[in-house]
Structures are given as structure tokens and as C-alpha cells.
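Letter by letter, the chains look like this.
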Amino acid sequence: QKEVEQNSGPLSVPEGAIASLNCTYSDRVSQSFFWYRQYSGKSPELIMSIYSNGDKEDGRFTAQLNKASQYVSLLIRDSQPSDSATYLCAVNWETGNQFYFGTGTSLTVIP
Amino acid sequence: KAGVTQTPRYLIKTRGQQVTLSCSPISGHRSVSWYQQTPGQGLQFLFEYFSETQRNKGNFPGRFSGRQFSNSRSEMNVSTLELGDSALYLCASSLEWGTDTQYFGPGTRLTVL
């Protein structure tokens, strides 16, 4: 059974702080990893993808992947109230090209 | 480039009825996936279509079916609706099957009374 797990939160951080979101997955045979942001009542939008171990930075966002420990994280620097949303972790396993999503972590950035 | 579009955006049906949802992928994208999102279960994969063929199927009953047309547009059908089918149904498109970046449409909110 392939699983993707996230802490549901809610996670609250003050404006300007670093928000750290974590995701673990159950199968070592994994191919690619994604973070999506979903505002209330809206559909998920892609923030970042990461394929190899290490860090990947895009503006205020940094994704970190550690395949040996089977976790992927998302850091949001200088958090803004507009970052308040649910963040979904998704894993695409090598076989079958099927995405598995975590249930999401709710983030609130307090002004 | 226009994004993924889904119609209708909202639907209200009663138990036992059937419903058809439509999805038009991003121009040039040939793979379409469908998901069901509920507060308790999160995003759950329904099925994926590429070149008019179902390539993957999630763990949903046979009441859920879909198809894809030659222009890559896709439809999803749910027959004999149950209360538990109330959810946000999301369509996502990607360039090719095996291409792993998916882009979501706005979703269809289905309410079953």
C-alpha cells in the first residue's frame, strides 16, 4: 500500500517567519515529488517539483528531498499572509504514473 | 495559454441519478486524470486517460467511469449516485502519459441530496 503522510496541522507562523512543511512516503521506489498549494474553495496549484536528493530553491520556496529517509519537505521563507492555504504533497511512483497525495497541511500566517 | 477547464462548476443531484462531468485539458496536453476530493479522504485518484485509453484506475466502484475523446477532452460519469459521492471532482492535465507535472482545473462541486 503506497502512502503519503502529512501532518494535518494547523500550522501557524508569524509573518516573516519560516514555515516548514513535511511529508513522508512509504515506498522507496519513487520517481518524483511535488508540492501543491490549495486555497480554500480553489483547486490545487503547483508550487514546486523535485526529483533528486538535496535542495531545490524557487524564490521564497525551498523543497528538500531525502530518498533514503523517505521524506520531502517544503520551506517557505519570509512567510506572508497570502501563503495561508493548505499545502499538498504528491508522489509519483515509477510504476504506473499514478499520483498519490497526502491529505494536506493547513498553514496560517499571522500578520 | 488557457488552463484546464471543467464544466459544470456546480451540480446538485439526488440519490440514484447519474451525472456527467467534462474536462478540457490545456492545449497540447494529451493526458487527463480525475480526482475526487473530500474533507475526510483528501485527494483520491479516480483514473487517467491518454490517447483515448484508460491507463490507470484508482480504487473506486464501477459506478465511476470515464472516457477521452480524440481531441483529448475527457468526461467522467457517475451512475446511481450516493450521498457519499458528494465531493469536489478535479481534473488534471499533463503533456504526455508518464510526464509527471499535472495542472488542475477549477473542479466541479457535486452535491448529492
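These numbers were taken from a predicted model, which means no experiment stands behind them. (Residues numbered from 1 in each chain as written. Chains lettered and ligands numbered in written order. Predicted model: local features only at pLDDT ≥ 70, side-chain atom pairs only at ≥ 80, totals over all residues. Heavy atoms only, no water.)

1. Structural notes on the sheet that holds strand β7 (residues 61-66) of chain A
Residues and elements named next belong to chain A.
Here is step 1 of the chain: Across the sheet, 5 strands lie side by side as β1-β3-β8-β7-β6; this open sheet has antiparallel pairing. Every interior strand has two partners, whereas the edge strands, β1 (4-6) and β6 (54-58), have only one. Each strand axis lies, on average, 20° off the axis of its neighbour in the sheet, ignoring direction.
Here is step 2 of the chain: Where β1 meets strand β3 (residues 19-25), 3 bridges bridge the pair, whose relative direction is antiparallel. From the neighbouring strand, valine 4 faces β3, where its bridge partner is tyrosine 25. (Pairing = 2+ DSSP bridges. Helix = DSSP H or I, 4+ residues; strand = E, 2+ residues; numbered from the N terminus. Axes fitted to C-alpha atoms, helices over the stretch in contact; angles between N-to-C directions.)

2. Focus: the pattern of salt bridges
Here is step 1 of the chain: A complete count under the given rule lists 7 salt bridges over all chains for this structure.
Here is step 2 of the chain: For Arg77(A), the salt bridge goes to Glu57(A), with nearest N and O atoms at 3.4 Å. Of this pair, Arg77(A) sits in the loop between β8 (71-76) and β9 (85-93) while Glu57(A) sits in strand β6, placing them 20 residues apart in sequence.
Here is step 3 of the chain: In this structure Arg77(A) comes out as partly exposed when scored by relative accessible area, which is 26%.
Here is step 4 of the chain: Here Arg67(B) ties to Glu75(B) by a salt bridge, and the two come within 3.2 Å at their closest N and O atoms.
Here is step 5 of the chain: Take Arg67(B): its relative accessible area is 47%, and that puts it in the partly exposed class.
Here is step 6 of the chain: Note on Glu75(B): relative accessible area 17%, which makes it buried.
Here is step 7 of the chain: Here the salt bridges share partners, and the residues they tie into one network are Arg63(B), Glu82(B) and Asp85(B). (Salt bridge = Lys/Arg side-chain N within 4 Å of Asp/Glu carboxyl O. Buried < 20%, exposed > 50% of the residue type's maximum accessible area, 1.4 Å probe, protein only.)

3. Notes on the pairing of strand β9 (residues 87-94) of chain B
Residues and elements named next belong to chain B.
Here is step 1 of the chain: Across the 8 residues that make up β9, a large majority, 8, are buried.
Here is step 2 of the chain: Where burial is concerned, the two faces of β9 agree: the one with Ala87, Tyr89, Cys91 and Ser93 and the one with Leu88, Leu90, Ala92 and Ser94 are both buried.
Here is step 3 of the chain: Alignment of strand β4 (residues 31-38) against β9, held across 7 bridges, turns out to be antiparallel. If you follow tryptophan 34 over to β9, its bridge partner there is cysteine 91.
Here is step 4 of the chain: In this sheet, strand β10 (residues 103-104) lies alongside β9 in antiparallel orientation, the contact comprising 2 bridges. When the sheet's bridge partners are listed, alanine 92 is paired in β10 with phenylalanine 104.

Interpretation in functional terms is not warranted from these geometric data alone.
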